[in-house]
Amino acid sequence: MDRLSNTVRPYAWGSTTAIPALLGTAPTGEPQAEMWMGAHPGAPSRVTRPAKDTTTRPTATTTPPTELPLTEVIAADPEGELGAATVARFGPRLPFLLKLLAAGAPLSLQVHPDLDQARRGYADEEARGVPIDAPHRTYKDTNHKPELICALTPFDGLCGFRGPGEAADAMEALGVDSLKPYVDLLRAHPEEAALREVLTAILGADPAEMADTVAEAAAAAERLGGAHAPYARIAHHYPGDPGVLAAMLLNHVRLQPGEALFLGAGVPHAYLDGLGVEIMANSDNVLRCGLTPKHIDIPELLSIVRFEATEPGVLRPEASPSGEERYETPADEFALSRYTLASGAAPAELTAPTPQILLCTAGTVRVGELDLTPGQSVYVPAAEAVEAAGPGTLFRATVAA
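Keep in mind the model is a prediction, meaning the values are calculated, not measured.

Q: Where do I start with the overall build of the chain in this structure?
A: Within the chain, the regular secondary structure consists of 12 helices and 24 strands. Relative to the globule expectation of 21 Å for 401 residues, the C-alpha radius of gyration of the chain, 22 Å, shows essentially globular dimensions. The principal-axis extents of the C-alpha atoms in the chain amount to approximately 75 × 50 × 40 Å. Relative to its full complement of 401 residues, the chain shows a buried share of 53%. Total accessible area computed for the chain in this model is approximately 16600 Å², and 54% of it derives from carbon and sulfur atoms. Computed over 30 positive and 51 negative side-chain charges, the inter-centroid distance for the chain is 3 Å.

Right, dumping it as structure tokens:
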């Protein structure tokens, strides 16, 4: 077992206070958007192991320990760290990434491809010679990116399309004449065609010509408040962005602490505000559809979006006799669960045949010989014996059985 040293990413939309408050540190004044826990090559967690043998825990007789990236540790002994079954399913890499995510402003509207779409898209861009770091590159790897966000504080987001009639009512209520063509399209066509045509029209419009419409819509949303308030807030952060209108096609969701959302392939979504624990397949494949200065690949986006109205499925953990509260999802790469550990209770047995990352979010949790306070985490190799005792709250990230 290894205590993790993790990187905090300073994306512009990040909260300046939420992650410091959880960690008990002073804010720096800069945004602190995501703390990454895992073996993503962009910002791998670091562990302390002997410098000359990354597969052995430090002892008094080994070489002095040094801090190593978890990617390097896993590469040195994939089956020893991940277990033979995980390597057979996903290759010699940790298949998930765990994060603390702190949104202080809305993130971009985005969707993720499924596995077949990711493999086809990656192969196509490779064949066309699109550099992997090109700003217009869409597929960074061959993997899909299902993800789950679990709220630690009240958490606002957008998830999936609402019904065309409901979206039409919301736009019509703004009283903006230039929105009438979208309202008419939403009312005139069957669900899939209506949503596709309106999103296509919004994304394909000239941004300069749309700026006045977006500004009028934002002002009206602010006057109306209520159900329109989230869209006014989005417009405040992205003035004139056509993505503000695209956001009005989506369901607004407010999670309470402990509630979660699962985002599968093709579902448009965005996070707006709040602190949560996020877990995802280890991929960088994101197709954006608004609220961003980054490249929007409209044809490819329209080919993967699921144009269907959905009710956001808010997940609540399912308790088991062991005390594990598990968030059930269809993802193969990850499983997330929560333990609420009472003072004086018997330790929770967490030994598993798969690799694990354990994150404390409240109290003080003793994991093996290590004490974890909020925001601290450990990596546990496959099959290593581990127990946890409270009082505190512990999130467990591992590979789905």
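Q: Help me understand the pattern of salt bridges, please; the structure alone is not making it clear to me.
A: Oppositely charged side chains are able to pair whenever their charged atoms sit close together. This structure, assessed with the given rule, holds 21 salt bridges. Close ionic contact of Arg137 with Glu125 constitutes a salt bridge, the shortest N to O distance being 3.1 Å. Of the two residues, Arg137 is situated in the loop between α5 (115-127) and β8 (147-151) and Glu125 in helix α5; the sequence distance between them amounts to 12 residues. Across the pair, Glu125 and Arg137 agree in class, each one buried. Here Asp273 makes a salt bridge to Arg233, at a shortest N to O gap of 3.5 Å. On the criterion of sequence distance, the pair formed by Asp273 in strand β12 (residues 269-281) and Arg233 in helix α10 (residues 229-237) is long-range, its members being 40 residues apart. The exposure class assigned to Asp273 is partly exposed, which follows from its relative accessible area of 30%. Its relative accessible area of 30% is what places Arg233 among the partly exposed residues. In the salt-bridge network here, residues are joined through shared partners; they are Asp2, Arg49 and Glu81.

Q: What exactly am I supposed to notice about the UniProt feature "binding site: Zn(2+)" (unreviewed entry) in the chain here?
A: Taking the UniProt record as the reference, the feature "binding site: Zn(2+)" (unreviewed entry) is found at Gln110, His112, Glu147 and His269. Despite a sequence span of 160 residues, these residues sit close together in the fold, their greatest C-alpha distance being 12.3 Å. Residue position: Gln110 is located in strand β7 (residues 110-111). For Gln110, a relative accessible area of 12% puts it in the buried group. In contact with Gln110, not counting residues within four places along its chain, are Val267, Pro268, His269, Val286, Leu287, Arg288 and Cys289. Here the side chain of Gln110 touches Ser108 through a polar contact of 3.1 Å, side chain to side chain. Turning to its location among the elements, His112 is positioned in the loop between β7 and α5. Once you skip the residues sitting within four places of it in the chain, His112 turns out to touch Lys145, Glu147, Ala265, Gly266, His269, Asn285, Val286 and Ile304. There is a polar contact of 3.1 Å between the side chain of His112 and the side chain of Glu147.

The rules behind the values
- Residues numbered from 1 in each chain as written.
- Predicted model: local features only at pLDDT ≥ 70, side-chain atom pairs only at ≥ 80, totals over all residues.
- Heavy atoms only, no water.
- Helix = DSSP H or I, 4+ residues; strand = E, 2+ residues; numbered from the N terminus.
- Rg over C-alpha atoms; globule rule 2.2 N^0.38 Å.
- Buried < 20%, exposed > 50% of the residue type's maximum accessible area, 1.4 Å probe, protein only.
- Areas by Shrake-Rupley, 256 points an atom, 1.4 Å probe, with all protein chains shown as cover.
- Lys, Arg positive; Asp, Glu negative; His and termini not counted.
- Charge placed at Lys NZ, Arg CZ, Asp CG, Glu CD.
- Salt bridge = Lys/Arg side-chain N within 4 Å of Asp/Glu carboxyl O.
- UniProt positions renumbered as here; feature names shortened; annotations may be inferred.
- Contact = heavy atoms within 4.5 Å.
- Polar contact = N/O pair within 3.5 Å; in protein donor to acceptor, adjacent residues only side chain to side chain.

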